[in-house]
Amino acid sequence: MAFQMQAGPPRSKQDNSEALMWQQGGYGVLDSGVHSGATTGAHSIRDEEMDDGSLLFDLDSQGYSGFTTDQVDEMNAELNVTRSQRVRAAMFPETLDEGVEIPSTQFDPSVPTAVQRLAEPAQMLKHAVVNIINYQDDADLATRAIPELIKLLNDEDQVIVSNAAMMVHQLSKKEAARHAIMSNPQLIAALVRAISSSNDLDTTKGAVGTLHNLSHHRQGLLAIFKSGGIPALVKLLSSPVETVLFYGITTLHNLLLHQDGSKMAVRLAGGLQKMVSLLCKNNVKFLAIVTDCLQILAYGNQESKLIILASQGPIELVRIMRSYDYEKLLWTTSRVLKVLSVCGSNKPAIVEAGGMQALSLHLGHPSQRLVLNCLWTLRNLSDAATKVDGLEGLLQGLVNSLSSEDGNIVTCAAGILSNLTCNNQQNKVVVCQMNGIEALVRTVRAAGDREEITEPAVCALRHLTSRHPVSEMGQNAIRLSYGIPVVVKLMQPPSRWPLIKAVIGLIRNLALCPANHAPLREHGAIARLVHLLMRAYQDSQRRTSVSSGGSTALYPDGVRMEEIVEGTVGALHILARESHNRAQIRGMNVISIFVQLLYHELENVQRVAAGVLCELASDKEGADMIEREGATTTLTELLHSRNEGVATYAAAILFRMSEDKSSDYKKRLSMELSNSLFDRESMWGHEMGGPPPDFQDMLNPDTVFDSPVFSGPNPPTLSAYRGFGDAGVMDFNFDGMDMDSYDDVPPQPPSDGNQDAAWYDTDL
């Protein structure tokens, strides 16, 4: 046999002579076992030492003159003798005698020999054959033993039952026996009876351990379900023994995951109450399984959610979120809270238990799935947490989350900020101080046309720019962050009406800051508002005619065009405080629409129309244009309006229009105003506390945005948004209306007691 020592140097001029010697059987070496079959065995075995024919032992050409012919023969003989031992050592090492030394033929440790390469697959084949033999043996044994085991499990002697249960448990640990067991309904029924009727711990352990092993197979799950195993398993959840609890809850978990009908069976057996009581345990892996079971049972089932609430589940779940750091447990618990957070009864209970603060602890966690579930839950809870204090940490986390590259995280963070800044001055101040406005502007700019992000972000900006001590700082911050062109652009297609409504409200708040008037005008805000006003006014007239004909008018994206009319006119009202803006409005042929809106059936629309006309009447040109539109008669009638705002604005407009009129006209107007004031004083009465309340009191501070509810696997879309107001859609409510007093007009209109009034004055 050839004995490989090392690779020889490249052949040169000796190649021809060496080839000749090869043909003549030369090289001065006796039969090496390479070119002759005289001393070889099977060729496939010999190849272990001959990986490359060019690496032959060559005494002459490679300079190994120290080896004699006898030595080479001795080495070849030794390798031939140990060949079978080398094969046996590689493939069947257990058959070798101890202490036997076998020479190695591997000279390069990085290159295994052929036999070594065959060793692993040979071992696998051997084990497979053995397993097949054992599998058949296990199956035969279980098949023969099952009838007797059934009898033993039904015996009256509890010791016999216990031994039988343990024997079945041992059998169930082997796959072949498991299949035999799960194919026998009588045996499984006997195990279930043993669990239900026996108080012996060993019996219970053996029986439930067997069911646990069977639950890893669909056939086993079906057999357990059909045998009535779920009530017995639920009963075991009261056991003080950890092993029994583990087997019981994991088997139920497998049933809930993979067996149809299991959820209802667990609910009927009282499983929810038992599982909630287990939340006080401190084994994190056990708790992870329990909470996942609760999530499966509560998802889409209102009755289950109420049972969890009645069992004090929210308190325990919040405690888990606050107390542990095991990621899987936190994730499964956050999923339960997410499902419960869409329940109107559970929502305040979670908030009261400190759920907002507990969930906020994990917003910086490296687990993306945990962060998302916490955010979705916070978003669902946020409309019930507008009055909660101590959320500074949460607000900071939300502002930081706005810079995430995950669109779902940004969507949730913007929505939560929108709700938490609703009618909560403290939260507004905190977000402004955390540079939240700048972060929201960046978010809107980066979101492009993704309205599921831009809409809540714009609503949050609207809240932050009104009705809190540093609102003016917020109004300036948007301008300094170059946000005005971004915001104005959102009033153009492809933006949908809900987003446009929110933008209109934000622009109105920005207009409260005089420094924003010029940038808003330069970026086309006034022109865009007028365009939207004309479009909405024409569309509302068409819808009115359709409705009068008996047909039902449908609203685009759930937005009434009257709301757009009211919003745009309200924003133009604030912008008209500046002289250049008034000049641009006068030149856009929109005054006729303002005058027509004085006849509108909605008093809110009448009020904002009268307000913008009041501002335009500050200039002689504007007053003349209003008079030419024939507004005098209508304004005189509106002096007697029951809406205080409408009457006050009408009086101011008439007063300004009369500045260049005759003394007789002024006298008649004065008498009309006096009669109007007399009627109004009678209407208010002294019990009202004197003069009418300020226009700011028209706000409804308790009106909040009802957060979109979400408990499924995917983030919510824009259509999932809900709010207060008509048809359950997001209402168009600004965060405030800090209207300054005019120097030369009567006081601002008071409240008319209408809770839906001034939709632009309330939070989202």
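Structural data are supplied above this passage.
Residues numbered from 1 in each chain as written. Predicted model: local features only at pLDDT ≥ 70, side-chain atom pairs only at ≥ 80, totals over all residues. Heavy atoms only, no water.

1. Details of the overall build of the protein chain
Part 1 of the reasoning: In terms of regular secondary structure, the protein chain is built from 40 helices and zero strands.
Part 2 of the reasoning: The burial tally for the protein chain puts 52% of its 764 residues in the buried class.
Part 3 of the reasoning: When the accessible area of the protein chain is evaluated, it comes to approximately 34400 Å², of which 53% is carbon and sulfur surface. (Helix = DSSP H or I, 4+ residues; strand = E, 2+ residues; numbered from the N terminus. Buried < 20%, exposed > 50% of the residue type's maximum accessible area, 1.4 Å probe, protein only. Areas by Shrake-Rupley, 256 points an atom, 1.4 Å probe, with all protein chains shown as cover.)

2. Some remarks on helix α33 (residues 561-575)
Part 1 of the reasoning: With 15 residues, α33 extends 21 Å from end C-alpha to end C-alpha; this agrees with the ideal 21 Å at 1.5 Å per step.
Part 2 of the reasoning: The buried fraction of α33 amounts to 15 of the 15 residues, a majority that puts the element mostly inside the structure. (Expected span 1.5 Å × (residues − 1).)

3. Concerning the packing of aromatic side chains
Part 1 of the reasoning: Inspection of the entire model under this criterion finds one aromatic pair.
Part 2 of the reasoning: Aromatic pair Phe246 and Tyr247: ring centres 6.0 Å apart, planes at 50 degrees, arrangement tilted.
Part 3 of the reasoning: Above the face of the Trp331 ring, Arg335 is positioned so that its terminal group lies 4.8 Å from the ring centre.
Part 4 of the reasoning: We note Arg369 situated over the ring of Trp331; from NZ or CZ to the ring centre the distance is 3.8 Å. (Phe/Tyr/Trp six-rings, centres within 6.5 Å; stacked < 30°, edge-to-face > 60°. Lys NZ or Arg CZ within 6 Å of the ring centre and 35° of its normal.)

4. Notes on the pattern of salt bridges
Part 1 of the reasoning: Evaluated as defined, the whole model comprises 14 salt bridges.
Part 2 of the reasoning: Glu327 is paired through a salt bridge with Arg369; the nearest N and O atoms lie 2.9 Å apart. One end of the pair, Glu327, is in helix α19 (residues 327-340); the other, Arg369, is in helix α22 (residues 368-381), with 42 residues separating them in the sequence.
Part 3 of the reasoning: The exposure class of Arg369 is partly exposed, given its relative accessible area of 35%. (Salt bridge = Lys/Arg side-chain N within 4 Å of Asp/Glu carboxyl O.)

5. Some details on the nonpolar core
Part 1 of the reasoning: Among the nonpolar cores identified, the biggest contains 185 residues, and Met275 and Phe594 are the most heavily contacted of them.
Part 2 of the reasoning: If you tally residues by element for this core, the top one is helix α16 (residues 284-298), at 10 residues.
Part 3 of the reasoning: Contact partners of Met275, with chain neighbours within four places excluded, come to Leu237, Ile249, Leu252, Leu256, Val266, Val290, Cys293, Leu294 and Leu297. (Core = buried A, V, L, I, M, F, W, Y, C linked by side-chain atoms within 4.5 Å. Contact = heavy atoms within 4.5 Å.)

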